[in-house]
Amino acid sequence: IEGAVHARHHPVESELDRIHVLWGIEVDVLADGTLDLDLTVLSRLDWVVASVHSAFDLDADAQTARLIRAMETGVVDVLGHPTARKLGKREGISFHIDRVFDTARRLGVALEVNGKARRMDLNDILCRRARDMGVMLVLDTDAHEPAALGGWEFALAAARRGWIEPKHVLNTRPIDELFAWRRDRLRRLGLPVPERLLSTPRSWSRSDSPSELAGPEVVEPMPSPTLDDSATDELARALDEPLDDALRERLQTFLHSGDDPELDAALRRRGDNPVQEAFNLIIGARP
């Protein structure tokens, strides 16, 4: 934190091309809705996630007031794992969903779709509700170590099941829009704007995008693939058996990209939603 409020750029930016490091933190939302770090410090960062990690037994009115008060500080960019549930361990907190989501939309606070397997929070239903209310989402891994950074398929699956598109996801946007998101909210609420947010880093500016510098790319339409019915039959049978490592990895890749026509066809024999079927197989659910 000390470095973040005094330095304009992170030292790693001089070593890695086209990388911009945000100064950010996840802070606790305390039982009364205050944050566990001073607002003056938090207002000088690039990115702040605020999350509930305690006092899970408050009633719905108290939890609603708590979440709203945290967002009304103006320094919060994302409400982390909003229901605070942990699958197999505890139920989520109770709060008035529409009031919290409406406050998030009004203040410009995104809601996290947390891809950690024990959280998956927001779930698909709440993703859809947030989208319908005009609330932006952020998809992430909740990684606490480098090895977990790649585990974002559950967040992606929940978002897809909730009919979320890239335009509804804040961290699909270029860095200048992320800076504007925070800068504009700080200004509206009369809070100081860090110098780093006043100009877009050249390394990530839209004008520096390789595709734009090279001019528009003409992409020829790809022909529809011709599927081998016997191969699809064999793959469908394999999906009925315990998954081996190769097939599990193939399913995970499909959740990331959706680009596997043969697997898509085999999954559709199990149900109308191939993404849902892939997800069920990975987590061990059975039809």
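The model shown is predicted, which means the values in this text are computed figures rather than measured ones.

A.B. asks: I would appreciate a short explanation of the pairing of strand 4 (residues 110–114) in the present structure.
C.D. replies: Consecutive residues of a regular strand have side chains that alternate between opposite faces of the sheet. Burial analysis of strand 4 places five of its five residues in the buried class, the great majority of the element. The side-chain alternation of strand 4 yields two buried faces, one formed by Ala-110, Glu-112 and Asn-114 and the other by Leu-111 and Val-113. Bridge analysis of strand 3 (residues 78–80) against strand 4 gives two bridges, and the strand direction is parallel. Note on strand 4: the bridge partner recorded for Leu-79 is Leu-111. A crossover connection joins strand 3 to the parallel strand 4 through helix 4 (residues 97–107); in handedness this β-α-β unit is right-handed. Bridging between strand 4 and strand 5 (residues 137–140) involves four bridges; their strand directions are parallel. Residue pairing across strands places Val-113 opposite Leu-139, the latter belonging to strand 5. As for the winding sense of the linkage, the β-α-β connection from strand 4 through helix 5 (residues 124–132) to strand 5 is right-handed.

A.B. asks: For this particular structure, what's the right way to read the packing of aromatic side chains?
C.D. replies: Centre-to-centre distance and the angle between the planes together describe a pair of aromatic rings. Applying the stated criterion to the full structure yields zero aromatic pairs. Its guanidinium or amino end placed over the ring of Phe-56, Arg-90 lies 3.9 Å from that ring's centre, counting from NZ or CZ.

A.B. asks: Please explain the nonpolar core as it appears in this structure.
C.D. replies: In summary, soluble globular proteins display a tendency toward joint burial of nonpolar side chains. Counting 39 residues, the largest nonpolar core has Leu-35, Phe-101, Leu-111 and Leu-137 as its most contacted members. For this core, the secondary-structure elements that each account for two or more residues are strand 2 (47–51), helix 3 (60–71), helix 4, strand 4, helix 5, strand 5 and helix 6 (153–161). Those residues in contact with Leu-35 that sit more than four places away from it in its chain are Val-27, Asp-28, Val-29, Leu-30, Leu-42, Ala-50, Ala-70, Thr-73, Val-75 and Val-76. Counting residues in each nonpolar core, the second largest holds 19 residues, with Phe-254, Ala-266, Leu-267 and Leu-281 among its members.

A.B. asks: Just checking my understanding: could you explain unusual backbone geometry for this structure?
C.D. replies: Among all residues except glycine, the phi angle is most often negative; among peptide bonds, the trans geometry is most common. Residue Asp-121 is joined to Leu-122 through a cis peptide bond whose omega torsion reads 15°. With respect to the helices and strands, Leu-122 occurs in the loop between strand 4 and helix 5. The phi torsion at His-81 lies on the positive side, around 20°, for a residue other than glycine. Its place among the elements puts His-81 in the loop between strand 3 and helix 4. Of note in the backbone geometry, Asp-142 takes a positive phi value of approximately 55° without being a glycine. Position of Asp-142 relative to the elements: it lies in the loop between strand 5 and helix 6.

A.B. asks: I keep staring at the environment of Pro-82 and nothing clicks. Help me out?
C.D. replies: One can find Pro-82 in the loop between strand 3 and helix 4. For Pro-82 and Val-52, which are 30 residues apart along the polypeptide, the C-alpha to C-alpha distance reads 7.4 Å. Residues in contact with Pro-82, not counting those within four places in the same chain, are Leu-67, Ile-93, Phe-95, Leu-111, Glu-112, Asp-121 and Leu-122.

A.B. asks: How should the sheet that holds strand 1 (residues 24–28) be read in this particular structure?
C.D. replies: In space, the five strands of this open sheet follow the order 1-2-3-4-5, with parallel pairing throughout. Every other strand in the sheet has two partners, leaving strand 1 and strand 5 as the edge strands with one partner each. Between one strand and the next, the sheet's axes are offset by a mean angle of 30°, whatever the strand orientation. Packed on one face of the sheet, helix 6 meets strand 4 and strand 5 and runs near 145° to strand 5.

About the criteria used
- Residues numbered from 1 in each chain as written.
- Predicted model: local features only at pLDDT ≥ 70, side-chain atom pairs only at ≥ 80, totals over all residues.
- Heavy atoms only, no water.
- Buried < 20%, exposed > 50% of the residue type's maximum accessible area, 1.4 Å probe, protein only.
- Helix = DSSP H or I, 4+ residues; strand = E, 2+ residues; numbered from the N terminus.
- Pairing = 2+ DSSP bridges.
- Right-handed = clockwise from strand over helix to strand, strands pointing away.
- Phe/Tyr/Trp six-rings, centres within 6.5 Å; stacked < 30°, edge-to-face > 60°.
- Lys NZ or Arg CZ within 6 Å of the ring centre and 35° of its normal.
- Core = buried A, V, L, I, M, F, W, Y, C linked by side-chain atoms within 4.5 Å.
- Contact = heavy atoms within 4.5 Å.
- Axes fitted to C-alpha atoms, helices over the stretch in contact; angles between N-to-C directions.

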